[in-house]
Amino acid sequence: QVDLVESGGGLVQAGGSLRLSCAASGNIFMTNDVAWYRQAPGNERDMVARITGGGYSVYHASVKGRFNIFRDNTRNVVYLQMNSLKPEDTAVYYCGAGQLLSSGIRNVRYWGQGTQVTVSS
(Lines give C-alpha, C1' and ligand atoms only; values in the text may rest on other atoms or scores of the structure.)
Protein backbone atom coordinates (compact mmCIF):
# COMPACT_ATOMS: atom_id res chain seq x y z
CA GLN A 1 0.00 0.00 0.00
CA VAL A 2 1.01 3.63 -0.49
CA ASP A 3 2.05 5.11 2.83
CA LEU A 4 3.03 8.54 1.53
CA VAL A 5 1.02 10.60 -0.95
CA GLU A 6 2.76 13.36 -2.87
CA SER A 7 1.37 16.40 -4.63
CA GLY A 8 2.48 19.78 -5.93
CA GLY A 9 4.53 18.93 -8.99
CA GLY A 10 4.02 20.59 -12.33
CA LEU A 11 5.51 22.80 -15.02
CA VAL A 12 7.19 26.04 -14.04
CA GLN A 13 9.44 28.59 -15.70
CA ALA A 14 13.07 28.91 -14.66
CA GLY A 15 13.31 31.15 -11.63
CA GLY A 16 9.87 30.15 -10.41
CA SER A 17 8.78 28.26 -7.32
CA LEU A 18 6.89 25.10 -6.43
CA ARG A 19 5.93 23.52 -3.13
CA LEU A 20 5.77 19.74 -2.93
CA SER A 21 3.72 18.02 -0.23
CA CYS A 22 4.17 14.56 1.27
CA ALA A 23 1.23 13.42 3.41
CA ALA A 24 1.55 10.38 5.67
CA SER A 25 -1.28 7.89 6.16
CA GLY A 26 -0.21 7.48 9.80
CA ASN A 27 1.99 9.15 12.36
CA ILE A 28 5.18 7.78 10.85
CA PHE A 29 6.81 11.21 10.73
CA MET A 30 6.92 11.18 14.52
CA THR A 31 9.50 8.39 14.59
CA ASN A 32 11.22 8.53 11.20
CA ASP A 33 13.54 10.68 9.19
CA VAL A 34 11.92 12.08 6.05
CA ALA A 35 13.71 12.92 2.84
CA TRP A 36 13.01 14.10 -0.67
CA TYR A 37 14.76 12.32 -3.52
CA ARG A 38 14.74 13.03 -7.23
CA GLN A 39 15.44 10.97 -10.31
CA ALA A 40 15.90 12.29 -13.83
CA PRO A 41 15.95 9.97 -16.85
CA GLY A 42 19.25 8.11 -17.01
CA ASN A 43 20.27 9.20 -13.52
CA GLU A 44 20.29 7.58 -10.11
CA ARG A 45 17.75 8.49 -7.45
CA ASP A 46 19.58 11.02 -5.29
CA MET A 47 18.73 12.70 -2.01
CA VAL A 48 17.73 16.34 -2.30
CA ALA A 49 16.90 17.19 1.31
CA ARG A 50 16.46 15.33 4.59
CA ILE A 51 14.90 16.23 7.93
CA THR A 52 15.07 14.33 11.22
CA GLY A 53 12.39 14.02 13.86
CA GLY A 54 14.22 16.70 15.79
CA GLY A 55 14.11 19.10 12.87
CA TYR A 56 17.72 18.87 11.73
CA SER A 57 17.94 19.25 7.96
CA VAL A 58 20.56 18.43 5.35
CA TYR A 59 20.58 19.52 1.70
CA HIS A 60 22.37 18.44 -1.41
CA ALA A 61 24.85 21.10 -2.45
CA SER A 62 23.03 21.72 -5.73
CA VAL A 63 19.87 22.91 -3.96
CA LYS A 64 21.23 24.45 -0.77
CA GLY A 65 19.98 28.00 -0.40
CA ARG A 66 17.13 27.42 -2.87
CA PHE A 67 15.13 24.55 -1.34
CA ASN A 68 13.71 24.19 2.15
CA ILE A 69 12.29 21.07 3.82
CA PHE A 70 9.87 21.50 6.71
CA ARG A 71 6.92 19.93 8.54
CA ASP A 72 3.53 21.42 9.36
CA ASN A 73 2.25 21.76 12.92
CA THR A 74 0.79 18.26 13.03
CA ARG A 75 3.99 16.66 11.68
CA ASN A 76 1.85 14.58 9.35
CA VAL A 77 2.86 16.50 6.22
CA VAL A 78 6.36 17.29 5.01
CA TYR A 79 6.95 19.96 2.39
CA LEU A 80 9.71 20.78 -0.02
CA GLN A 81 9.66 24.47 -0.90
CA MET A 82 11.59 24.93 -4.14
CA ASN A 83 12.62 28.44 -5.15
CA SER A 84 14.77 29.81 -7.96
CA LEU A 85 14.13 26.66 -9.95
CA LYS A 86 16.51 25.71 -12.74
CA PRO A 87 16.04 23.39 -15.73
CA GLU A 88 18.55 21.06 -14.04
CA ASP A 89 15.98 20.52 -11.27
CA THR A 90 13.67 18.72 -13.70
CA ALA A 91 13.02 15.22 -12.35
CA VAL A 92 10.52 12.97 -10.66
CA TYR A 93 10.54 13.82 -6.96
CA TYR A 94 9.88 11.15 -4.33
CA CYS A 95 9.45 11.45 -0.60
CA GLY A 96 10.67 8.66 1.63
CA ALA A 97 10.69 7.91 5.34
CA GLY A 98 12.70 5.56 7.48
CA GLN A 99 15.24 5.22 10.24
CA LEU A 100 18.67 6.79 9.88
CA LEU A 101 18.31 7.92 6.29
CA SER A 102 21.75 9.46 6.64
CA SER A 103 23.04 5.91 6.19
CA GLY A 104 21.62 5.62 2.69
CA ILE A 105 18.59 5.26 0.48
CA ARG A 106 18.26 1.55 1.31
CA ASN A 107 16.94 2.57 4.74
CA VAL A 108 13.79 4.08 3.21
CA ARG A 109 10.84 2.06 4.51
CA TYR A 110 7.95 4.12 3.10
CA TRP A 111 7.91 5.68 -0.38
CA GLY A 112 5.67 8.21 -2.03
CA GLN A 113 4.43 7.59 -5.56
CA GLY A 114 6.51 10.36 -7.13
CA THR A 115 5.54 13.69 -8.65
CA GLN A 116 6.93 15.21 -11.85
CA VAL A 117 8.65 18.59 -11.70
CA THR A 118 9.51 20.20 -15.03
CA VAL A 119 11.38 23.50 -15.24
CA SER A 120 11.49 25.25 -18.60
CA SER A 121 13.97 27.90 -19.66
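Heads up: these notes are all about the structure in this document. (Residues numbered from 1 in each chain as written. Predicted model: local features only at pLDDT ≥ 70, side-chain atom pairs only at ≥ 80, totals over all residues. Heavy atoms only, no water.)

Description of the overall build of the protein chain
Argument step 1. Each helix and strand in the protein chain was counted, giving 0 helices and 11 strands.
Argument step 2. In terms of its C-alpha atoms, the protein chain occupies a principal-axis envelope of roughly 40 × 30 × 30 Å.
Argument step 3. Buried positions account for 45% of the 121 residues belonging to the protein chain.
Argument step 4. Accessible surface, the protein chain: about 6200 Å² in total, of which carbon and sulfur atoms supply 48%.
Argument step 5. Between the averaged position of the 11 positive side-chain charges in the protein chain and that of its 8 negative side-chain charges there is a distance of 4 Å. (Helix = DSSP H or I, 4+ residues; strand = E, 2+ residues; numbered from the N terminus. Buried < 20%, exposed > 50% of the residue type's maximum accessible area, 1.4 Å probe, protein only. Areas by Shrake-Rupley, 256 points an atom, 1.4 Å probe, with all protein chains shown as cover. Lys, Arg positive; Asp, Glu negative; His and termini not counted. Charge placed at Lys NZ, Arg CZ, Asp CG, Glu CD.)

Structural notes on the environment of Arg 50
Argument step 1. With respect to the secondary-structure elements, Arg 50 resides in strand 5 (residues 46-51).
Argument step 2. Overall, Arg 50 belongs to the buried group, its relative accessible area being 13%.
Argument step 3. A C-alpha to C-alpha distance of 9.3 Å links Arg 50 and Phe 70, two positions 20 residues apart in sequence.
Argument step 4. Not counting chain neighbours up to four residues away, the residues in contact with Arg 50 comprise Val 34, Ala 35, Tyr 56, Ser 57, Val 58, Ile 69, Leu 101 and Ser 102. (Contact = heavy atoms within 4.5 Å.)

Description of the nonpolar core
Argument step 1. One finds Leu 4, Phe 29, Trp 36, Leu 80, Met 82 and Tyr 93 to be the most contacted residues of the largest nonpolar core, which totals 29 residues.
Argument step 2. Of all elements in the fold, only strand 3 (18-24), strand 4 (33-39), strand 5, strand 7 (67-71), strand 8 (77-82), strand 9 (91-98) and strand 11 (115-120) reach the threshold of two or more residues within this core. (Core = buried A, V, L, I, M, F, W, Y, C linked by side-chain atoms within 4.5 Å.)

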